[in-house]
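Notes for the structure review
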Amino acid sequence: MERDIRLEELDELRQQLTLLNKKLEKQSIINHQLIRNSIKERISNINRTGIVLCALVVIATPIISINYAHYLNFSLALNIFTCAFMAIALIYTIWSHWGLSSNLLNGDLITASSKILRTRRLYKQWSYFSYPWLVVWLCWNGWEIYSKIDNQEMLLGIIVGGIVGLVIGGIYGMRQRNKIYRNIDAMLQDIAELKSEE
């Protein structure tokens, strides 16, 4: 009799362990899916940021070019230099986001990691290229303003407007870049977690 009770207890314990294992498997699948959804959402955020940056470049380039040519009478060389930089920024942003889509996780996780790291690397390389270009552009603008604008009120307005625009644009650009870096770092951590579960 005692033996039968123990067998029943063992059988009940086995059933509970089986049920617990099934729950843990379900939890693991749900956790896996949540991580994948989080990565997809972060990819969407990064790509939305890239689209906004591209749209700003497309809108700003003709406005700057028209102002340089018709209202400020800046040199054609500075206008071309500015438009070239904007075109390079547009192409580089598109190239940086190339291959970064929500389908990225359909393949293996190593390929996904390498594509995400590629985007991070390209954004970092852009800083090395764009900052020197920006310094040259600012100095050139300063020279053009100093040599072409005689009206003191207009000169003051251009300087104040330029400084305000530079500060706002700089803060916005840094925030967007840092947002992209944070999303990329979080995705790499999520992928590392997915790899450890496999």
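Residues numbered from 1 in each chain as written. Predicted model: local features only at pLDDT ≥ 70, side-chain atom pairs only at ≥ 80, totals over all residues. Heavy atoms only, no water.

Some thoughts on the overall build of the protein chain
When its secondary structure is counted, the protein chain shows 4 helices and 0 strands. When the elements of the protein chain are put in sequence order from the N terminus, they spell out α-α-α-α. Burial statistics for the protein chain: of 198 residues in total, 30% are counted as buried. For the protein chain, long-range pairs separated by at least 24 residues make up 83% of all intrachain contacts whose partners lie at least 6 apart in sequence. (Helix = DSSP H or I, 4+ residues; strand = E, 2+ residues; numbered from the N terminus. Buried < 20%, exposed > 50% of the residue type's maximum accessible area, 1.4 Å probe, protein only. Contact = heavy atoms within 4.5 Å.)

Section: the packing of aromatic side chains
For the structure on display, the rule yields 10 aromatic pairs. Seen from their ring centres, Tyr92 and Trp95 are 5.7 Å apart, and the 80° between their planes marks the pair as edge-to-face. Here the residue Tyr92 and the residue Trp95 both occupy positions in helix 2 (residues 76-97), the gap between them amounting to 3 residues, near one helical turn. When its relative accessible area of 46% is taken as the criterion, Trp95 is described as partly exposed. Seen from their ring centres, Phe129 and Trp133 are 5.3 Å apart, and the 50° between their planes marks the pair as tilted. Of the two residues, Phe129 and Trp133 both sit in helix 3 (residues 109-148), 4 residues apart, roughly one turn of that helix. Residue Phe129 is classed as partly exposed on the basis of its relative accessible area, which comes to 33%. For Trp133, a relative accessible area of 18% puts it in the buried group. Ring pairs connect the aromatic residues Phe81, Phe85, Tyr92, Trp95, Trp126, Phe129, Trp133 and Trp140, which therefore count as one cluster. (Phe/Tyr/Trp six-rings, centres within 6.5 Å; stacked < 30°, edge-to-face > 60°.)

Points about the packing of helix 2 against helix 3
Two numbers describe how helix 2 lies on helix 3: the axes approach to 11 Å, and their chain directions differ by 170°. It follows that helix 2 is roughly antiparallel to helix 3 by the angle criterion. (Axes fitted to C-alpha atoms, helices over the stretch in contact; angles between N-to-C directions. Parallel < 35°, antiparallel > 145°, perpendicular 65-115°, else oblique.)

Regarding helix 2
Between the first and last C-alpha of helix 2 there are 32 Å, a value that for 22 residues agrees with the 32 Å anticipated at 1.5 Å per step. The complete set of buried residues in helix 2 reads Leu78, Asn79, Phe81, Thr82, Phe85, Met86, Ala89, Tyr92, Thr93, Ser96 and His97. The buried residues of helix 2 occupy an angular sector of 165° when projected down its axis, which confines them to one face. What points out from helix 2, more than 90 degrees from its buried face, is the exposed set Leu76, Ile80 and Ile91. (Expected span 1.5 Å × (residues − 1). Arc of directions from axis to C-beta.)

What about the nonpolar core?
With 16 residues, the main nonpolar core has Ile39, Ile116 and Met187 as its most contacted residues. If you list the elements that add at least two residues to this core, you get helix 1 (2-71), helix 3 and helix 4 (152-197). Looking at which element gives the most residues to this core, the answer is helix 4, with 6 residues. Core analysis: the next-biggest nonpolar cluster, separate from the first, contains 9 residues, Val57, Tyr92, Leu122 and Trp126 among them. (Core = buried A, V, L, I, M, F, W, Y, C linked by side-chain atoms within 4.5 Å.)

Notes on the layout of surface pockets
By volume, the largest pocket is sized at about 1700 Å³. If you trace the largest pocket, you find 46 residues lining it, with Phe85, Leu134, Leu166, Gly169 and Gly170 closest to the centre. Within the lining of the largest pocket, the residues separate by chemical class into 30 nonpolar, 15 polar and 1 charged. (1 Å grid on protein atoms, 1.4 Å probe; cavity = no way out; pocket = protein on both sides within 12 Å on 5 of 7 lines; lining within 4 Å. Points joined across faces, edges and corners; volume = space filled by probe spheres on them. Nonpolar A, V, L, I, M, F, W, Y, C, P; charged D, E, K, R; others polar.)

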